[in-house]
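# Topology and contacts: notes
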Amino acid sequence: MVLKIGVIGTGAIGQDHIRRITHSLTGAEIVAVTDVNKEQAYTVVERENLNAKVYENGHDVIEADEVDAVIVTSWGPTHEEFVLASIAAGKPVFCEKPLATTAEGCKKIVDAEIAHGKPLVQVGFMRRYDKSYRQLKKVVDAGKVGDPLMVHCAHRAPSAPGFSGDMALTDAFVHEIDVLRWLLNDDYVSAQVILPRNTRLADKGLQDPHIVLLETKQGIRIDTEIFVNCQYGYDIQCQVVGETGTANLPEPSSVTIRSETKLSTDILVDWKDRFIDSYDVELQEWINSTMKGEMNGPSAWDGYVVAVTADACVKAKETGGIVPIEMPERPAFYDKLDAFIKA
Ligand code: NAP
């Protein structure tokens, strides 16, 4: 038995997921695709040698009889509509972030999933599947540095083509928002954003860098530098400071060279290289659990929490103040999926 997948959106990440499902992973095949750019969809089908039909639109993919499960990799503002339609059709759906572009949109998805009665939605927060983050979580969960007190993070990218407005917070920092609450088994209570001197190397009118301060329910303080025009590379840092020690996210492995009076090692430049293995693990685990009728990755609730937290960060940036992060109680529906939040 293979899982028959329909893909909505054959842009950059859609093509990447189609390639990995078709050529690297096991247990699934792409049987349907669509994109507003139909020609691109046909090109992908031909290039990857897929036995897949190109449909007129996302709704036709979702409703197609041969489609068991849906992957949504279209433009962010379309995600809510396609995820809601997948739930209505009773089909498991893997949606790239964002789950929806507003917290209200995410909440609608949560409510629809609960009303359906069976978990169907997974959100593409792939850092939870990254080997180095999993190693760090193992150390923290085992108490090797005592109870976490502080976390220092950096999210740096060489440049941010296409970034505008608050995308450093709503498009880049969202990955930290998700992975840090997973790492710490905790939830957020407040956000503050500090704006350092602006780099001259960002697009005109774009603030860069940002420092975001988050506080968790347990009182852990997290500071994250988000610097998306840092020039030198794609560099993700995370250090947990506990009562008895510190634990750092491992650096991506790379040869160290001693030569010509220098000790050097390469720095990655492309985010795809940093997380390429995580996407493989993420989708393989999604295929495996979907085949078993389970859903145990980042849930619709997690997508909602990220949206509420990102909104609080944007408000904190605008007001310069400390903004409370207020969430309704997590519905019991999600307890069995995502049992990491301590009471
Ligand atoms: P992209 O290259 O622009 O691809 C999006 C594709 O969806 C485009 O081909 C676009 O067509 C198409 N599209 C737009 N509206 C559609 C609709 N109604 N029906 C069908 N197709 C539609 O963008 P991308 O980089 O692949 O990103 C796609 C999504 O994945 C974004 O939400 C992004 O945030 C997310 N993403 C997540 C990660 C991660 O690390 N988890 C990484 C990359 C991207 P046109 O170009 O003709 O508009």
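Under an unreviewed UniProt entry, the name given to the protein chain is Inositol 2-dehydrogenase/D-chiro-inositol 3-dehydrogenase, and the organism recorded is Bacillus taeanensis.

Moving on, we get to the overall build of the protein chain. Helix and strand counts for the protein chain stand at ten helices and 15 strands. On C-alpha atoms alone, the protein chain measures out to a radius of gyration of 20 Å, which is about the 20 Å that the 2.2 N^0.38 rule sets for 343 residues. With 343 residues in all, the protein chain has 54% of them scored as buried. In the protein chain, 72% of the contacts between residues at least 6 apart in sequence involve partners at least 24 apart. When the accessible surface of the protein chain is split by element, carbon and sulfur atoms take 51% of a total near 16,000 Å². Computing the positive centroid from 35 side-chain charges and the negative centroid from 51, the protein chain places the two 4 Å apart.

Once that is clear, we can look at the nonpolar core. One finds Leu-99, Val-121, Val-151, Leu-180, Leu-214 and Ile-222 to be the most contacted residues of the largest nonpolar core, which totals 83 residues. Among the elements that take part in this core, helix H10 (residues 300-319) stands out by supplying twelve residues, more than any other. Shared between two domains, this core takes at least three residues from each, and those domains are domain 1 (3-127 + 278-301) and domain 2 (131-269). What Val-151 contacts, discounting residues up to four positions off in sequence, is Leu-180, Leu-184, Ile-220, Arg-221, Ile-222, Asp-223, Cys-238, Gln-239 and Val-240.

Further remarks concern the site of the ligand. Around the ligand, 24 residues are found, and the nearest of them are Ala-12, Ile-13, Asp-35, Glu-96 and Tyr-279. At 2.9 Å, a backbone N or O of Ala-12 approaches an oxygen atom of the ligand. Between Glu-96 and the ligand, the recorded distance is 2.8 Å, taken from a side-chain N or O atom to a nitrogen atom. Surface burial for the ligand is 72%, taken as the share of its 900 Å² of free accessible area covered by protein chains. Partitioning the shell around the ligand into residue classes produces ten nonpolar, eleven polar and three charged.

All told, the structure shown has 21 salt bridges when counted by the stated rule. Note that Lys-317 and Asp-166 form a salt bridge whose closest N and O atoms lie 2.9 Å from each other. Highlighted residues: Lys-317 in helix H10 and Asp-166 in the loop between strand S7 (148-156) and helix H7 (167-172), separated in sequence by 151 residues. Under the relative-accessibility criterion, Lys-317 is labelled buried at 17%. By relative accessible area, Asp-166 is classed as partly exposed at 23%. Measuring nitrogen to oxygen at the nearest pair gives 3.7 Å for the salt bridge that ties Glu-215 to Arg-221. Overlapping salt bridges, with partners in common, bring together Arg-128, Asp-178, Arg-181, Asp-187 and Asp-302 in one network.

So, on to the state of the cysteines. Counted under the stated rule, the structure contains zero disulfides. We note that Cys-153 lacks a disulfide partner, and the nearest cysteine sulfur, in Cys-238, lies 4.0 Å from it. For Cys-238, a relative accessible area of 3% puts it in the buried group.

This brings us to the UniProt feature "domain: Gfo/Idh/MocA-like oxidoreductase C-terminal" (unreviewed entry) in the protein chain. Those residues carrying the UniProt feature "domain: Gfo/Idh/MocA-like oxidoreductase C-terminal" (unreviewed entry) are residues 137-324 in this numbering. Between the end C-alpha atoms of residues 137-324 there is a gap of 26 Å, over a span that is 34% helix and 27% strand.

With that settled, the discussion passes to the side chain of Thr-216. Examined against the element boundaries, Thr-216 turns out to sit in strand S9 (residues 210-216). Excluding residues within four positions of it along the chain, Thr-216 makes contact with Leu-184, Asp-186, Asp-187, Tyr-188, Val-189 and Ile-222.

Ordered in space as S3-S2-S1-S4-S5-S6, the six strands form an open sheet in which the pairing is parallel. The open sheet has two free edges, formed respectively by strand S3 (53-54) and strand S6 (121-123), since each of these has just one partner strand.

Calculation rules
Residues numbered from 1 in each chain as written. Predicted model: local features only at pLDDT ≥ 70, side-chain atom pairs only at ≥ 80, totals over all residues. Heavy atoms only, no water. Helix = DSSP H or I, 4+ residues; strand = E, 2+ residues; numbered from the N terminus. Rg over C-alpha atoms; globule rule 2.2 N^0.38 Å. Buried < 20%, exposed > 50% of the residue type's maximum accessible area, 1.4 Å probe, protein only. Contact = heavy atoms within 4.5 Å. Areas by Shrake-Rupley, 256 points an atom, 1.4 Å probe, with all protein chains shown as cover. Lys, Arg positive; Asp, Glu negative; His and termini not counted. Charge placed at Lys NZ, Arg CZ, Asp CG, Glu CD. Core = buried A, V, L, I, M, F, W, Y, C linked by side-chain atoms within 4.5 Å. Domains from an automatic or database assignment. Near = heavy atom within 4 Å. Polar contact = N/O pair within 3.5 Å; in protein donor to acceptor, adjacent residues only side chain to side chain. Nonpolar A, V, L, I, M, F, W, Y, C, P; charged D, E, K, R; others polar. Salt bridge = Lys/Arg side-chain N within 4 Å of Asp/Glu carboxyl O. Disulfide = S-S within 2.5 Å. UniProt positions renumbered as here; feature names shortened; annotations may be inferred. Pairing = 2+ DSSP bridges.

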